[in-house]
Amino acid sequence: VSIMETFELRYFLAVAKSESVHRASESLGVSPGSLSKAIGRLEEELDVKLFLREGRQIKITEYGRLLQKRASEIIHLEEATKAEITGHRGTLHILISGPEIFLSHFGVSVSQKVREKYPKATFEFISCDDQKAIEQIQKGEVHLAIVSSAVPPDLNSTLLGQASFKTCVGLDHEFYPQTSRGKVIPVEDVLQKSFVSPSNPVLGAVGHKQSLDGWRDDKFPRQVDYLASSLKLLEQIVSQGLAIAYLPDYLIKPLNLKILEISGCPYSCTQKIKLVTRNPNEISWIKQVF
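These lines cover the structure that appears in this document, whether it is placed above or below. Residue numbering note: each chain is counted from 1, following its sequence as written. With pLDDT at 70 or above as the cut-off, local features in this predicted model cover only qualifying residues; side-chain atom pairs require 80 or more to be listed or tallied, and sums for whole chains, interfaces and linings still use all residues. Think of the side-chain values as coming from all heavy atoms in the structure, minus any hydrogens and water.

## Quick look at the overall build of the chain
Helix numbering and strand numbering both begin at the N terminus, where a helix is a DSSP run of H or I of at least 4 residues and a strand a DSSP run of E of at least 2. When helices and strands are tallied, the chain shows eleven helices and 13 strands. With respect to the principal axes defined by its C-alpha atoms, the chain has extents near 80 × 50 × 35 Å. A 1.4 Å probe rolled over the protein chains alone gives each residue an accessible area, and that area as a share of the maximum for its type sets the label: buried under 20%, exposed over 50%, partly exposed in between. Counting over 290 residues, the chain shows a buried share of 46%. For the chain, the proportion of contacts with a sequence separation of at least 24, taken over those separated by at least 6, is 74%. We treat Lys and Arg as the positive residues and Asp and Glu as the negative residues; His and chain ends play no part in the count. Charge placement uses NZ in Lys and CZ in Arg. For Asp and Glu, CG and CD serve respectively. Across the chain, the centroid of the 35 positively charged side chains sits 3 Å from that of the 34 negatively charged ones. Whether two residues are in contact is decided by their heavy atoms, any of which lying within 4.5 Å being enough.

As structure tokens, then:
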């Protein structure tokens, strides 16, 4: 009688995640041949096809999707059992996904909270947008996600914090002296100046009528002269006074930016940042920590 081994399930999950034996081989440090043999044994035992070949690519099947969910539950149960038995002596490797800004500002505090209970825990942060982070939780590819979008009813969420977006400038911007003196600047004047905005959702999910940084360009169209594909690049552009930015309040203070007081603009953007998990009963260490 053949019995599925947990290492085979881990190999399968790596291939299912990337839908590529080669990429899974690189991430695991295991030869492609070993991965192919493990998947072959699983397919033989279950008597189903887990992947189909499409040219030089492979595509996971519906049976593969089902095993992906069950295999992640088995691996999580194995980790939770070790954590329960060994307690603080146990080692956990925890995967946390979400937008870069949430990982850097909330993910670190989350990791420290886990380490209070499990000092040997290690962490892997995976930067992606909200939708991808939620998909990874549902597939069991990560343990935790940090998002600002709506959370599906099959997942659990805990509020980590709230953010209000503010219009801000760097030290060398021409508006800096005026706002330092408390001057209120009409929105018409602000719209004549250069803005920097993200070209992808590095600031997390915002309202459906808002631009990627939460600004209402449909009502107050800006002069966006800089598009930044990364959070670090956006920070550099606004900090050097090259452009105005619309950023969450918790990011503005560490960057030593100045918030502009603007008249004539009634709109605002707020976010609720949430920690998302699957059912904590499936992963007992999450229940103990959060």
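## Remarks on the pattern of salt bridges
One speaks of a salt bridge when a side-chain nitrogen belonging to Lys or Arg is within 4 Å of a carboxyl oxygen belonging to Asp or Glu. Going through the model one piece at a time under the given rule, you end up with seven salt bridges. With a closest N to O distance of 3.9 Å, Arg65 and Glu19 form a salt bridge. Taken as a pair, Arg65 in helix α4 (residues 62-86) and Glu19 in the loop between α1 (6-18) and α2 (21-28) lie far apart in primary sequence, 46 residues in all. On the accessibility criterion, Arg65 (32% relative accessible area) is partly exposed. Owing to a relative accessible area of 16%, Glu19 belongs among the buried residues under this scheme. The salt bridge partner of Arg222 is Asp217, with a shortest N-O separation of 2.7 Å. On the accessibility criterion, Arg222 (12% relative accessible area) is buried. The exposure class of Asp217 is partly exposed, given its relative accessible area of 22%.

## Observations concerning the packing of aromatic side chains
Any two rings among Phe, Tyr and Trp, with Trp reduced to its six-membered ring, count as a pair given centres within 6.5 Å; such a pair is stacked if its planes are under 30 degrees apart, edge-to-face if over 60, and tilted if neither. Across all of its chains, the model carries eight aromatic pairs by this definition. Their ring planes at 75 degrees and their centres at 5.2 Å tell us that Phe106 and Tyr250 sit as a pair that is edge-to-face. A residue pair is termed long-range when its members are at least 10 positions apart, and Phe106 in helix α5 (residues 100-117) and Tyr250 in helix α10 (residues 249-252) qualify at 144 residues. Residues Phe165 and Tyr246 carry aromatic rings whose centres are separated by 5.7 Å and whose planes lie at 45 degrees to one another, so their mutual orientation is tilted. In this pair, Phe165 sits in strand β6 (residues 156-169) while Tyr246 sits in strand β10 (residues 245-248), placing the two residues 81 residues apart along the sequence. Under the relative-accessibility criterion, Phe165 is labelled buried at 4%. Taken together, the aromatic side chains of Phe165, Phe195, Trp215 and Tyr246 make up a single cluster linked through ring pairs. We note Arg216 situated over the ring of Tyr267; from NZ or CZ to the ring centre the distance is 4.6 Å. Charge-over-ring contacts are defined here by two conditions on Lys NZ or Arg CZ: a distance within 6 Å of the ring centre and an angle within 35 degrees of the ring normal.

## Considerations on unusual backbone geometry
Phi angles above zero are rare outside glycine, and Glu19 is one such case at about 50 degrees. A positive phi angle, close to 60 degrees, is found at Asp47, a residue other than glycine. Structurally, Asp47 can be placed in the loop between α3 (32-46) and β1 (51-54). Residue classification places Asp47 among the exposed positions, given a relative accessible area of 67%.

## Some thoughts on the nonpolar core
Core analysis: the largest hydrophobic core is formed by 49 residues, its most contacted members being Ile146, Val196, Leu247 and Tyr250. When neighbours within four sequence positions are excluded, Val196 is seen to be in contact with Asp213, Tyr226, Ala228, Leu234, Ile237, Val238, Ala243, Ile244 and Ala245. As used here, the term nonpolar core means buried Ala, Val, Leu, Ile, Met, Phe, Trp, Tyr and Cys residues forming a set that is joined through side-chain atoms within 4.5 Å. Membership of the second largest hydrophobic core comes to 21 residues, among which are Phe12, Ala16, Ala24 and Val30.

## Things to note about the pairing of strand β2 (residues 57-60)
The alternating pattern of β2 places Ile58 and Ile60 on a buried face and Gln57 and Lys59 on a face that is not buried. Pairing between two strands requires that DSSP report at least two bridges joining them. Taken together, the four bridges between β1 and β2 define a ladder with antiparallel strand orientation. Within the sheet, the bridge partner assigned to Phe51 lies in β2 and is Ile60.

## A word on helix α6 (residues 130-139)
Along α6, the positions that sit buried rather than exposed are Asp130, Ala133, Ile134, Gln136 and Ile137. Buried residues along α6 cover an arc of 155 degrees about the axis, so they all sit on one side. Lining the buried residues of α6 we find β3 (93-98), α5, β4 (122-127), β5 (144-147) and β13 (270-277). Polar contact is the term for a pair of N or O atoms within 3.5 Å; when the atoms are in protein, one must be able to donate a hydrogen and the other to accept it, and sequence-neighboring residues count only if both atoms are side-chain atoms. Sitting at the amino-terminal end of α6 is Asp129, which places a side-chain oxygen 3.3 Å from the backbone nitrogen of Gln131. The positive-phi residue at the C-terminal boundary of α6 is Gly140, with phi of around 80 degrees. This arc corresponds to the set of directions leading from the helix axis out to the C-beta atoms.

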